[in-house]
Amino acid sequence: MTTDEIGLVGARTALGLEQPRLEAELGAARHRVSAFLGATVDADGGVRRPCASRTLESALLLVLLRGRGTHPEQVSRLADYLAAPEAQVTGFESALAQAVLHGRTIDTDVVGDELLADFDHFSVTRKRLLFDVHLAVAGAVPFDPSMLHPARTAATEGGDNSVSWVELIMLSVRVLVAHGLGRAWEISYAEQHRLLTLLGSSRAPVWEDYPIAHLLALLAVEHFAPEHPLVDSGVTALLASCNPDGGVPGVSDLHVFTTACTGLALARAKAEPALLRRLCDYLVRQQLPDGGWTFGEHMRHTDVDSTSYAAACLATVDPVRHRTTLERAAAYFRGMAGSDGGFPTYMRGDPSEVGMTGGVLSALPWREFAPAGLPEDAARWLLDAQQTDGTFERSWSLSEANTIWRAMWALHSLPDPTRTALHRRITAANAASLRFLARAQHRDGGWGHRPGDPSDVTSTCYSLLALSAMGRRPHHDPIVRAGVAHLLSRQDRDGTFTAPPDQVAPRPLLFDAPVFTDIWVLLALTSCDTDWNW
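From a predicted model like this one, the values you see are computed outputs, not experimental measurements.

1. What about the overall build of the protein chain?
(1) Moving on: Helix and strand content of the protein chain: 24 helices and 4 strands.
(2) Moving on: Relative to the 2.2 N^0.38 estimate, which gives 24 Å for 534 residues, the radius of gyration of the protein chain is 23 Å and therefore close to what a compact globule would have.
(3) Moving on: Each principal axis of the C-alpha atoms in the protein chain carries an extent, and together these give about 70 × 50 × 45 Å.
(4) Moving on: Within the protein chain, the fraction of its 534 residues that count as buried is 60%.
(5) Moving on: Across the protein chain, every contact between residues at least 6 apart in sequence was considered, and the portion connecting residues at least 24 apart equals 71%.
(6) Moving on: For the protein chain, the accessible surface area stands at approximately 20,700 Å², while carbon and sulfur atoms represent 52% of it.
(7) Moving on: Charged side chains of the protein chain number 47 positive and 62 negative; the gap between the two group centres comes to 5 Å.

2. Here we look at the nonpolar core
(1) Moving on: In terms of nonpolar packing, the biggest core is built from 182 residues, with Leu61, Phe92, Phe333, Phe343, Leu364, Met408 and Trp520 touching the most fellow members.
(2) Moving on: For this core, the leading source of residues is helix H8 (residues 164-180), giving 11 residues.
(3) Moving on: For Phe333, the residues in contact, after removing those within four places along its chain, are Val304, Thr307, Ser308, Ala311, Phe343, Val360, Ala363, Leu364 and Trp366.

3. Focus on the packing of aromatic side chains
(1) Moving on: Scanning the model with the defined rule gives 15 aromatic pairs in all.
(2) Moving on: Pairing Tyr309 with Trp520 gives two aromatic rings, centres 6.1 Å apart and planes at 40°, and the pair type is tilted. Of this pair, Tyr309 sits in helix H14 (residues 304-317) while Trp520 is found in helix H24 (residues 515-527), placing the two residues 211 residues apart along the sequence. As far as the burial class goes, Tyr309 and Trp520 line up, both buried.
(3) Moving on: An aromatic cluster is built from Phe257, Tyr309, Trp405, Trp409, Tyr462, Phe516 and Trp520, whose rings are joined through pairwise contacts.
(4) Moving on: Directly above the ring of Trp396 sits Arg507, whose terminal nitrogen or CZ lies 3.7 Å from the centroid.

Rules used in this analysis
- Residues numbered from 1 in each chain as written.
- Predicted model: local features only at pLDDT ≥ 70, side-chain atom pairs only at ≥ 80, totals over all residues.
- Heavy atoms only, no water.
- Helix = DSSP H or I, 4+ residues; strand = E, 2+ residues; numbered from the N terminus.
- Rg over C-alpha atoms; globule rule 2.2 N^0.38 Å.
- Buried < 20%, exposed > 50% of the residue type's maximum accessible area, 1.4 Å probe, protein only.
- Contact = heavy atoms within 4.5 Å.
- Areas by Shrake-Rupley, 256 points an atom, 1.4 Å probe, with all protein chains shown as cover.
- Lys, Arg positive; Asp, Glu negative; His and termini not counted.
- Charge placed at Lys NZ, Arg CZ, Asp CG, Glu CD.
- Core = buried A, V, L, I, M, F, W, Y, C linked by side-chain atoms within 4.5 Å.
- Phe/Tyr/Trp six-rings, centres within 6.5 Å; stacked < 30°, edge-to-face > 60°.
- Lys NZ or Arg CZ within 6 Å of the ring centre and 35° of its normal.

Following this line, the structure appears as C-alpha cells:
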C-alpha cells in the first residue's frame with residue numbers, strides 16, 4: 001500500500017471536521033481531560049482510583065465466607081453481584097458464578113476452548129492449572145489428580161517462580177488440590193509453615209495488593225489452620241477492599257502505577273508545575289531500595305512496567321531535580337536487562353516482552369544513562385520481535401495497538417547514534433506498523449482491539465500514540481485527523497471518556513481500571529500535535 005493509498009483510508013473517515021474546528025475541539029477536550037485527571041491527585045500527590053469488581057475474586061471470597069459461616073450481609077451482597085448479567089459475560093465467569101450460586105457443574109472446557117484459546121505465553125501451563133483449580137474450588141468441576149503437582153518454591157526453581165506471589169499461589173494450589181482429593185496427608189508440615197510465612201510477609205492489607213493470591217492462600221490455610229490470626233485479618237482486609245457493588249476488585253491497589261501514568265500524561269500536557277511537583281514527590285517517596293517501583297502501595301516486589309512509567313514521569317517533569325532518583329532507576333533497568341537485549345516484567349531471566357522493552361527505552365534520556373550497548377541491544381530485540389504484519393505480541397493488553405505504540409515510542413526515543421545506526425530497520429518497522437494501522441482503522445475513524453473488533457477509545461488512543469511517534473500529525477495526515485475526530489466524538493458530557501477494559505492480570509484475564517481510559521486519551525491528544533524527543 002502506497003502512502004497515497006494509506007491517506008485515502010483515513011480521508012474517508014474525516015467526519016466532516018475542518019482543520020481549525022478540529023484543532024479547537026482537540027484543545028478543549030485536552031483541557032477538560034487534563035482538569036479531570038488533575039482533580040484525581042490527592043494532597044500527597046498520589047492518584048488512588050479503584051479497579052472494578054471481578055467475578056473470579058468475588059466467587060472465591062463467597063466460597064471462603066460460606067465455609068467460615070461468617071459475614072452473612074457480605075455473603076448476600078457478593079451473591080447479588082455474581083447474579084448480575086455483567087458478572088457472567090464469559091463462559092469462565094458464568095461457570096464460576098453458577099457454581100457458587102446454584103451448585104451447577106460444567107462438562108465443557110471453558111479454560112482451553114475460551115480463556116486460553118489464543119494465549120501464547122511462557123506461563124500457559126501454569127495458567128491452565130490455575131484456572132482449572134479456580135473452577136474446582138468454586139465447585140464447577142471436580143478436582144483431578146493431575147492438578148496435584150510437587151511443591152514449587154523460589155529456593156528450588158528459578159524463572160518467574162521466583163516472584164513471591166507465584167510461590168504463594170502454587171503452594172496454595174497444592175494444598176487446595178490435596179485436600180480436594182482427600183489426600184491431605186501429602187502436604188508436609190514444612191509446606192504448611194512456608195505457606196503461613198509467605199502469607200504473613202506482605203506489608204499491604206490485601207496480600208501484595210493481589211486479591212486472588214490472598215484468597216487462594218486463605219482458602220488453603222482454612223484446611224489446616226482455620227483459627228490462625230492471618231485468616232481473620234485477611235478476611236477483614238478483603239472485605240474492606242470490596243467495591244460499592246459488593247464485588248471484589250481484580251487488583252486492590254494500583255495507586256503507584258496509576259500515579260506514574262497520570263503524572264506522565266499531565267507532564268506531557270504541561271499541567272501546573274505545583275501539581276506536577278506533588279505527583280513527582282509522591283513517586284520519589286515510593287521508589288524502593290532496588291531502584292524500581294511497585295504497582296501498588298506497601299508492596300515488596302518491583303516491576304519493569306511500573307518503573308518505566310514512574311521514571312518517564314520524573315524525567316519529563318524535571319530530569320535535573322530528579323537526577324539521583326533516575327540514576328537509581330537506570331541501575332534497576334540495567335540489572336533487569338536480558339541476555340537477548342530485551343526486558344521482562346518481573347524477574348531477570350524471564351522471557352523478554354515487547355511492552356516492557358519499549359517502556360524501558362522510552363523511560364529515560366538514554367544518551368545520559370545508558371552503558372555501552374543497552375539502547376542498541378534493546379532496540380534490535382524490539383525490531384526482531386515485530387511480526388510481518390507490523391504488529392507485536394500483545395503482552396498485558398488485548399489491543400494490538402498497545403505494543404505497537406510502546407515499540408514506536410521506544411524506537412523514536414533512541415539516542416541519535418543508535419537511531420542513525422538502525423535507521424533503515426526503524427524506517428521499515430514504521431512502514432509495517434503504519435500499514436497495519438491504516439488497514440485496521442474503521443470507517444468511523446477509530447480502532448478496535450484487533451482488526452474487525454468494534455472501535456473503542458483505548459485502542460484508538462494507542463493507535464494515535466503510535467502514529468504520533470512516527471511524526472504523523474492531524475494537520476497533514478488524514479489517518480490521524482480521522483482518529484482524533486473519532487476520539488472527540490466519544491467524549492462524555494462531563495469531559496471524561498469510557499472504554500471496555502483491555503488490561504489483563506493475571507494474563508489473559510481482564511481487569512478494569514476506568515481511570516486509565518482518560519490517561520491514554522490525554523496522552524494521545526497531547527502527542528498528536530506535539531513534537532517531542534529526548
